[in-house]
Amino acid sequence: MALTQPDLFSTLDNADCSSDGAAAALFREVPSFPPLGDIANGELFSLSLSNRAPGLTHGLHRFPAKYIPRIPAWVIDEFAGEDDVVLDPFCGSGTTLVEALLRSRQAIGIDCDPLACLISRAKTYAVSPARIQQLVIELHRIWRGPAVPLVAPMPDLANFGHWFSERAWGDLQALLTAILTLDASPEERDFLLCVFSSILRWVSNADDQTQKTYVSGTLKKNPPEVEPLFCRALEKALAGLEELTFLRRSSAAATVIQGDASDIRLPTHPVDLIVTSPPYLDSVDYMYNFMLEYFWLGPLLGVNDRRTFNRMRRGVTGAKNPAADARPPALPRCLDDLIDERDIIHHRVAATRAYCDSMRRHFHSAAKALKRDGYYFLIIGNSQTRKGVLPIHDSLIRLAVDAGFAFEKAFAYRIRRHYMKFPRAGRGGIITMDWVIALRNAQKRTSYPDRLPLPDFTLRHDEVAN
Ligand SMILES: C[S@@+](CC[C@H](N)C(=O)[O-])C[C@H]1O[C@@H](n2cnc3c(N)ncnc32)[C@H](O)[C@@H]1O
């Protein structure tokens, strides 16, 4: 039964959504989204995803909270013509960029996190699989492990042996030196470094089932050996690269920029389409999550020491502890009836203000980068904090409207088999549905839409791919 919008909203508000049956009845089960014109504002979908990994270079490196390729694929198919420029200003691990390349679009990704940029470049830059194969042969010729003496890869790291056994440390040190010795182009080197990075958590002593980088005192880990794991990861990476090389047209290219989405600077503009999933408030702390990867690769990515690492962690949008000198302004007035600062735990107020300010500046910057009447698709979950649900999706819509975007439509999908390593139901909040919000760059102030419904569904444990 198709529900009209008011019906749908009131049903959601009144539904006992703690029961899975009640929740299921409200979702339209689809294999893929219909065209935007056939979707009602506020409509809820349940996407049935296969368990198959999405292939190509998508699986090159783990990355928390990446979105399923099907989402940017649908947006690009619907709203970008061939050779159009597609921008993802919070590109993370480059999911949008890979999907844009497959469809012969020009892709630009921005991310402030240097490791995310490395992963995005490795996934999308036109590297010849045959050249990588040659380099791998050369690598095997020169790679002699384990290295001695052991040297911590960052200068101010204490107790590095806590994270890696001496054997793994020595093998990794020798492998990294060998990769850096190869006569490779920067793109080829980035590809190999990304594969190197992808095995670090597994071969370390740190727990590999959680986002947090820590060594469990109770669960004894028996890490796999470096060489066979690296060889397997390389094989898989090469297969993905070959697939993408075969499918992409040579004219389609990706550009990855390490930068701030609140201050977009592009080589090409205006862009034709923006599609992105921005960070959440109190979001995944990517740098902390990738601490071991930064220890090894930081000095090659401009993160030379722990101090720089700690400073950068606090500079991202959605940081839990934003840099103290940032002094974010008070929440914008347009959020007055959505977020009451008195409801926010005291020590979270600065983070909430900083997040809203950063996203406010982002939308103003995005409105300048995007062509007039171009579409901006924002993918964001509803996030729940201990103090109740903070309507981030409604807040972001208002900030976007203030920057000249016109709200067109929003719909949500339930994640049936989310392609990500770590469940997002955790201490940072329960994220139960993702909203797809269609905004048009009207370049004038329009009215705010009604608030979107906030049904509170929790994921069943089998709805998260572990
Ligand atoms: C939810 S993730 C994006 C995941 C991406 N859709 C994918 O599939 O991999 C959000 C990203 O925003 C990045 N980010 C946070 N603050 C940023 C800022 N001010 N400018 C650019 N990127 C930022 C984070 O580093 C993270 O990679």
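These figures come from a predicted structure and were not determined experimentally.

K.L.:
Can you help me understand the nonpolar core in this one?
P.N.:
Soluble globular proteins tend to pack their nonpolar side chains together in the buried interior. Counting residues in hydrophobic clusters, the biggest one holds 126 residues, and the most contacted among them are Val86 and Phe377. Of all the elements, helix α8 (residues 186-203) adds the most residues to this core, at nine residues. Taken domain by domain, the makeup of this core includes at least three residues from each of domain 1 (5-113 + 252-283 + 318-463) and domain 2 (129-247). Beyond its immediate chain neighbours, meaning those up to four positions away, Val86 contacts Ile76, Ala80, Thr96, Ala100, Arg105, Gln106, Ala107, Val271, Asp272, Leu273 and Val275.

K.L.:
Would you take a moment to explain the packing of helix α13 (residues 349-369) against helix α14 (residues 392-402) for this structure?
P.N.:
The relative placement of two packed helices is expressed as an angle between their axes plus a distance between the axes. Interaxial distance between α13 and α14 falls to 8 Å at its minimum, and their mutual angle equals 40 degrees. On the basis of their axis angle, the class for α13 and α14 is oblique. The element α13 and its partner α14 pack so that their crossing is right-handed. Contact residues: α13 offers Cys356, Met359, Arg360 and Phe363, while α14 offers Ser395, Leu396, Leu399 and Ala400. Considered class by class, the residues forming the contact of α13 with α14 number six nonpolar, one polar and one charged.

K.L.:
Would you explain the site of the ligand in this entry?
P.N.:
Of all residues adjacent to the ligand, which total 22 residues, the nearest are Lys66, Phe90, Gly92, Thr95 and Thr317. Residues belonging to the shell around the ligand are distributed by class as follows: 11 nonpolar, seven polar and four charged.

K.L.:
I keep staring at helix α4 (residues 95-102) and nothing clicks. Help me out?
P.N.:
Since the α-helix packs 3.6 residues into each turn, any two residues three or four apart lie on the same face. Burial analysis of α4 places seven of its eight residues in the buried class, the great majority of the element. Downstream of α4 by one or two residues, Ser104 has phi in the positive range, about 60 degrees.

K.L.:
I would appreciate a short explanation of the environment of Arg121 in the present structure.
P.N.:
With respect to the helices and strands, the residue Arg121 is situated in helix α5 (residues 114-124). For the pair formed by Arg121 and Phe191, sequence separation is 70 residues and the distance between their alpha carbons is 7.8 Å. The residues touching Arg121, leaving out its near neighbours within four places in the chain, are Asp190 and Val256.

Conventions and cut-offs
Residues numbered from 1 in each chain as written. Predicted model: local features only at pLDDT ≥ 70, side-chain atom pairs only at ≥ 80, totals over all residues. Core = buried A, V, L, I, M, F, W, Y, C linked by C-beta atoms within 7 Å. Buried ≥ 20, exposed ≤ 12 C-beta atoms within 10 Å, placed from the backbone. Helix = DSSP H or I, 4+ residues; strand = E, 2+ residues; numbered from the N terminus. Domains from an automatic or database assignment. Contact = placed C-beta atoms within 7 Å. Axes fitted to C-alpha atoms, helices over the stretch in contact; angles between N-to-C directions. Parallel < 35°, antiparallel > 145°, perpendicular 65-115°, else oblique. Left-handed = near helix turned anticlockwise from the far one by under 90°. Nonpolar A, V, L, I, M, F, W, Y, C, P; charged D, E, K, R; others polar. Near = placed C-beta within 6 Å.

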